[in-house]
Amino acid sequence: MTKYGMAINKTRCIGCQTCAYACKMQNSVAKNVRWNRVLSEGCDVVDGAVGQYPNLSRTYLPLACQHCENPACMKVCPTGATYKDEMGRVEIDYEKCIGCRMCMAACPYNARSFNWEEPVHEPGFAYGDKDVPERTKGVAEKCTMCKERTDRGEEPRCVQCCPMGARVFGDLDDPNSEVSKVIATRHASQLLEEQGTHPQVYYFE
Amino acid sequence: MSESQKTLSRRGFLKGTGAAAGALGLAGLAGVGTAGSLLSPVDAHAESEERTAHLCHQFHCLTGCNLKCTIRDERISIIEPSDIVKDKKHSTICLRGIGEVSHIYSQDRLQVPMKRVGERGEGKFEQISWDEAIKTIADNLKETQQKYGEGSVFIRKSTEAGIDFDFITQLLHADAGGQWGLDRGQANGLGPAFGPWSYLSNRSHWEFKDAATIIELSHNPLESAMVWSRPLMDAKEAGVYIVAIDPRFTGTAAKANEWLPVRPGTDAALIQGMLKAVVDNGWYDEEFIMAHTSCPYLVDRATGKSFRSSETMAPNPAVVSAEPVGAPFVWDTVTNAPALYDDPAVVAALEGEWTVDGKQLVTEFTLIKEWLDGITLEWAAETSGIDKQAIVNLADRYANNGPAIIDIGLGGADKYTNADVLGHSTAMLVALTGQYGKKGAGYASYCGLGASNPSATLNYWTLPEEYGYGESPVAMYDMPYKENSIHAALTFGDAFTLEAGAAQDMLNWVKTLDFFAIVDLYHSSAVDYADIVLPACTKFECEENVKQLRDSMGHVMLANGMVKPLFESKSDLQIERLLAAQWGLEDLLPKTYEELARFMLDGVADADPRMEGITYDALLANGGVMALPETGDDYMPDGTADFFLTPSTRIELYYEYLADQGHALPVYEDANEAFETNPKKAQYPLYFTQGKSRYRIHAYYSAAEWFQEDFGPSINIAPEDAEVRGISTGDDVRVFNDRGSFVATALINRSLQPGVLFMAETTYTRYYKEGFLQNVTNSARLERGYSMFFGPQIPYNDVLVEVEKA
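Everything numeric in this text was worked out from a predicted model, so none of it was measured.

Engineer: I'm lost on the overall build of chain B in this one. Help?
Structural biologist: Looking only at helices and strands, one finds 24 helices and 29 strands in chain B. Against the 2.2 N^0.38 benchmark of 28 Å for 806 residues, chain B shows a C-alpha radius of gyration of 27 Å, consistent with a compact globule. Looking at chain B as a whole, 64% of its 806 residues are labelled buried. Here the contacts in chain B between residues at least 6 apart in sequence split such that 73% fall between residues at least 24 apart. Counting only carbon and sulfur atoms, one obtains 50% of the accessible surface of chain B, whose full area is about 27,800 Å². Positive and negative side-chain charges in chain B, numbering 67 and 112 respectively, have mean positions lying 6 Å apart.

Here you go:
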């Protein structure tokens, strides 16, 4: 079996937002929607700081769908629109999505967006990968682990574009894959492990 | 909270997405008569035609990534790292490259030639034809030159537009505006010591991991140029100790082991504290000093002039005049007499004082020690705001703990009038500790320029010799203040508000011009003041298949696979040709970018065998990218300390040319306005600083709608400063001083030291509610700067302001 996953090096992440825009471009993500974002942890402004001056710190958390092994979103989806595919990715069948937003309430990572209106694209044409399906008003959407690219044997766009080389993508079921090795040797951890969702996105420092 | 900072927790997600939906409702309007209307709505991709193109992106972040563009239905739909660069570590991109998908098609692109119909500054225009626009510009420039002489026309191309060629300025013998006054403050100060171009490194930044310590001095590569900051993160992972000296808790400071939050404009005091500790504790490298520096050279104590030979001369590339000087003397301890510095038989004294023919001669090192005797660590600490022990510890670490690098920013500390003192002080610290010219050591701006990559040999298209730049007796940034003969101006890009401080002074002067035309891509701040506006196209667009030929990252890159210019825009080359034709001179220019690129490569292999095989046709056959032979991981230039562009070819620390002004040694002085004891602080208590943002290169990318979702004209303020003024995040606040004011959005940010404001460098006035940040910036000039290599610098950060809720 193949189980795609990712490990993100938080030491190397400089919060540059390149992955966030790479995702927006690749997936033709509409105005004011983001599938992938880089949080300044504990800050209420981007690039803020925590602590008391001058003892400050700032860490970044790149955040998108965690492609959980035990996805909370899938369990609550009443139509089966959210599913775990054969490559271990959590995907959405937009045809089946009825816009109930149960998945959004269930996701502990706040990884999903909802199209309350018909998506608006700036620039006003279909930028991005030609194989990425359009989303319409009334459906939920999120990171697909770049399904279209990974199906073609390419790495996700955020991995390809990271200027720091902070992201490693691969097959978690293959103990010899780079991602598996990094997770094992760098003591990678998962977000909100206590939720029991078992994310396939790992973080390490 | 913007979508991009939607937190991990689910609180308010419904409300948040609802707000986003509200914003979407407005967006429909934006398509009318703008980029959107030219382009059909989102449609199915299935039957679309795709092709790929490659080009070299920005020079201006000093990166120059090769980008692979997927063009679908003649629209640039995907931009990704190049897959055809030979050296895969240069297969890079950052958000600015990706954001071009938004930026190229921005609503704020200039689309058609326009003429002004309102007052200057009012921003009222009507569309005209290219013929009318070009003729109007030519008629006005001709009339001005007939009336006031050739030097009455000022023409300047922006950095990016000026790469490869600048024909029209030379064809008209126009004034190109002299010194730029940008980002060379430290370079002014370190140049006489290490050579004028030594602000660029002579070793590779891929060597960062070999250092024990890296000091990022007023440098924030993690936000200014992400792509070439990768070696810094390699160094961090390798355990190198990184120190960030910056008034602000920058992205780079956040990754550093230690952050030293200097007060704005006082970096030199901290460095001088380190110098004090190094000399007092004997942490200097005497062997290096004797072999590679001017420390043993003799100075006449009474006159402050160097004691030089009147017979043996040395060329002096370190001063603008390049006039040769006498070779310096040292004190020979064998003969007990002065001797030429490079006489191999001489054993020179490092310290001492002697009387010769009634002259009191003293070594530079003795003078340096005497000068440092007058400095205390307490003063350094009090002035810079950095704890005394932290200064000593850093000096110890820098001098005594293995190879160390000082990586300086171009910008930041350069934007204070006393930046030359910082450059000179740091040059002295580096020279005395010998942290130069060996693996893991160095001092410069480690950016995409310098020695990090091998460079290509290319021909430069020249005009017949009767054409050339006119005189530039007054730098552009001084034109509002100094008598000059300029009556008409043509700028490619917004020179007037980007390349000068105190915008009210500059724009009031621009209003007095008989004529001003601008060529630009976007509706920049200066556009509203122009009589004629010409729309240029981006580097992704061209009338022909190819565009710029560039030397970047060890590769020769020919932009190819262009899309046609959007709207009625044209390429810079065709705009220059149209203008030249008005004087009948267009045949002196290449007809096309292809002709220019072929010329640039023609016969270069005869002069430089490394260029063998890199021809126009070979480039096109290779997607437009070919590597130079040395390119690859093995390329690691061995920059030494054996030769410097100074008269004695050693590091020269005593600046004789500034002796009359009291700055032969880097005597500390306050910045012009930004200093603690300035009485102006009673009225304007806050330091106003600006710097780079990852979302921009200066003002560029301001018009990208994707970035606008996250980033606009906002002013970062420390919580305690906000609280006493009743300011909350999101408030409109007025920032003001005697020079002017503007209104921006407040962001309360703990990353600021109390008393200091920060804003990303200027953006277009149209994005502000009122005014823009250059209204408050400083136009003071350092008088001694006029005798320096890069002239006085614009002190953009040497600014005090007050802030109030608007």
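Engineer: What should I look at first to understand the packing of helix α11 (residues 267-280) of chain B against helix α16 (residues 419-433) of chain B in this one?
Structural biologist: When two helices pack together, you describe them by how their axes are tilted relative to each other and by the distance separating the axes. All names here are of chain B. Between α11 and α16, the shortest axis-to-axis distance is 9 Å and the interhelical angle comes to 25°. With respect to α16, the element α11 is oriented roughly parallel. The hand of the α11/α16 crossing is left-handed. Contacts between α11 and α16 pair D267, A268, I271, Q272, M274, L275, V278 and V279 from the former with V421, L422, S425, T426, M428, L429, L432 and T433 from the latter. Tallied by class, the residues present in the contact of α11 with α16 amount to 11 nonpolar, four polar and one charged.

Engineer: What exactly am I supposed to notice about the sheet that holds strand β11 (residues 308-314) of chain B here?
Structural biologist: Picture the strands of a sheet paired through backbone hydrogen bonds; they go either parallel or antiparallel. All names here are of chain B. Ordered in space as β11-β12-β13, the three strands form an open sheet in which the pairing is antiparallel. Either end of the sheet is taken by a strand with one partner, and the two such strands are β11 and β13 (337-340). Between one strand axis and the next, the sheet turns by 50° as a mean value, whatever way the strands run. Summarising the sheet, strand β12 (residues 325-332) and β13 pair through four bridges and their orientation is antiparallel. Opposite V330, over in β13, you have A339 as the bridge partner.

Engineer: Sorry if this is basic, but what is going on with helix α9 (residues 230-237) of chain B here?
Structural biologist: Residues three or four positions apart in an α-helix share a direction because the helix packs 3.6 residues into each turn. All names here are of chain B. Of all the positions in α9, only P231, L232, M233 and A235 are classed as buried. In this fold, the buried residues of α9 make contact with β7 (213-217), α8 (221-224), β8 (241-245) and α10 (251-255). Looking one or two residues past α9, G239 carries a phi angle of roughly 90°, positive in sign.

Engineer: What is the right way to look at the pairing of strand β29 (residues 800-805) of chain B in this model?
Structural biologist: The side chains of a regular strand alternate, first on one face of the sheet and then on the other. Residues and elements named next belong to chain B. In this sheet, β29 lies alongside strand β24 (residues 686-691) in antiparallel orientation, the contact comprising two bridges. When the sheet's bridge partners are listed, L686 is paired in β29 with V801. Inspection of the sheet shows strand β26 (residues 732-737) paired to β29 by four bridges, in the antiparallel sense. Bridge pairing links V735 to V803 in β29.

Engineer: Where do I start with the sheet that holds β8(B) in this structure?
Structural biologist: Residues and elements named next belong to chain B. In space, the five strands of this open sheet follow the order β9-β8-β7-β16-β17, with parallel pairing throughout. A single partner strand is all that each edge strand has here, and the edge strands are β9 (258-260) and β17 (442-444). On average, each strand axis in the sheet is inclined to that of its neighbour by 15°, with strand direction left out of account. When β7 meets strand β16 (residues 404-408), the two strands line up parallel, connected through five bridges.

Engineer: Would you mind going over the nonpolar core with me for this structure?
Structural biologist: The nonpolar side chains of a soluble globular protein tend to be buried with one another. Counting residues in each nonpolar core, the largest one holds 122 residues, and the members touching the most others are B:I76, B:I79 and B:L534. Apart from the residues within four sequence positions on either side, B:I76 is in contact with A:F125, B:C69, B:T70, B:I71, B:V101, B:I104, B:Y105, B:F540 and B:V563. Membership of the second largest hydrophobic core comes to 78 residues, among which are B:V279, B:V392, B:Y398 and B:Y654.

Engineer: Help me out: how do you make sense of the domain arrangement of chain B in this one?
Structural biologist: Interfaces are often sized by the amount of accessible area the parts lose when they come together. Residues and elements named next belong to chain B. Taken as a whole, chain B is organised into domain 1 (114-180 + 462-627), domain 2 (185-297 + 367-452 + 643-661) and domain 3 (679-805). If you average the C-alpha positions of domain 2 and of domain 3, the two centres end up 27 Å apart. Each partner contributes to the interface: domain 2 provides 28 residues, whereas domain 3 provides 26 residues. Where domain 2 abuts domain 3, roughly 2,400 Å² becomes buried across the two surfaces, and 58% of that area is made up of carbon and sulfur atoms. When residues of domain 2 are sorted by the area they lose upon contact with domain 3, N188, K415 and T417 head the list and together hold 28% of the total.

Engineer: Where do I start with the interface of chain A and chain B in this structure?
Structural biologist: In this assembly, 71 residues from chain A lie in contact with 75 residues from chain B. Summed over both partners, the interface of chain A with chain B buries about 6,500 Å², with 59% contributed by carbon and sulfur atoms. Along the contact surface separating chain A from chain B lie eight salt bridges. Notably, a salt bridge pairs A:D47 with B:R694, separated by 2.8 Å at the nearest N-O pair. Remark: the boundary between chain A and chain B carries 27 residue pairs in polar contact (both at pLDDT 80 or more). Among the elements of the structure, α1 (18-26), β2 (37-40), β4 (55-57), β5 (60-63), α3 (102-106), β8 (113-114) and α5 (157-161) of chain A are those that each provide at least two residues to the side of chain A that touches chain B. Ranked by residues supplied to the side of chain A that touches chain B, first place goes to α1(A) with five residues. Here the side of chain A that touches chain B is composed, by residue class, of 35 nonpolar, 17 polar and 19 charged.

Engineer: Which parts of the structure should I look at to understand the packing of aromatic side chains?
Structural biologist: The way to describe two aromatic rings as a pair is by their centre distance and the angle between their planes. Applying the stated rule across the entire model yields 39 aromatic pairs over all chains. Ring geometry for A:Y4 against A:F169: centres 4.8 Å apart, planes inclined by 40°, an arrangement best described as tilted. On the criterion of sequence distance, the pair formed by A:Y4 in strand β1 (residues 4-9) and A:F169 in strand β10 (residues 167-171) is long-range, its members being 165 residues apart. A relative accessible area of 18% means that A:F169 is categorised as buried. Taken together, the ring pairs in this structure connect A:Y21, B:Y522, B:Y695, B:Y700, B:Y701, B:F707 and B:F711 into an aromatic cluster.

About the thresholds
Residues numbered from 1 in each chain as written. Chains lettered and ligands numbered in written order. Predicted model: local features only at pLDDT ≥ 70, side-chain atom pairs only at ≥ 80, totals over all residues. Heavy atoms only, no water. Helix = DSSP H or I, 4+ residues; strand = E, 2+ residues; numbered from the N terminus. Rg over C-alpha atoms; globule rule 2.2 N^0.38 Å. Buried < 20%, exposed > 50% of the residue type's maximum accessible area, 1.4 Å probe, protein only. Contact = heavy atoms within 4.5 Å. Areas by Shrake-Rupley, 256 points an atom, 1.4 Å probe, with all protein chains shown as cover. Lys, Arg positive; Asp, Glu negative; His and termini not counted. Charge placed at Lys NZ, Arg CZ, Asp CG, Glu CD. Axes fitted to C-alpha atoms, helices over the stretch in contact; angles between N-to-C directions. Parallel < 35°, antiparallel > 145°, perpendicular 65-115°, else oblique. Left-handed = near helix turned anticlockwise from the far one by under 90°. Nonpolar A, V, L, I, M, F, W, Y, C, P; charged D, E, K, R; others polar. Pairing = 2+ DSSP bridges. Core = buried A, V, L, I, M, F, W, Y, C linked by side-chain atoms within 4.5 Å. Domains from an automatic or database assignment. Buried area = accessible area lost by both parts, 1.4 Å probe. Salt bridge = Lys/Arg side-chain N within 4 Å of Asp/Glu carboxyl O. Polar contact = N/O pair within 3.5 Å; in protein donor to acceptor, adjacent residues only side chain to side chain. Phe/Tyr/Trp six-rings, centres within 6.5 Å; stacked < 30°, edge-to-face > 60°.

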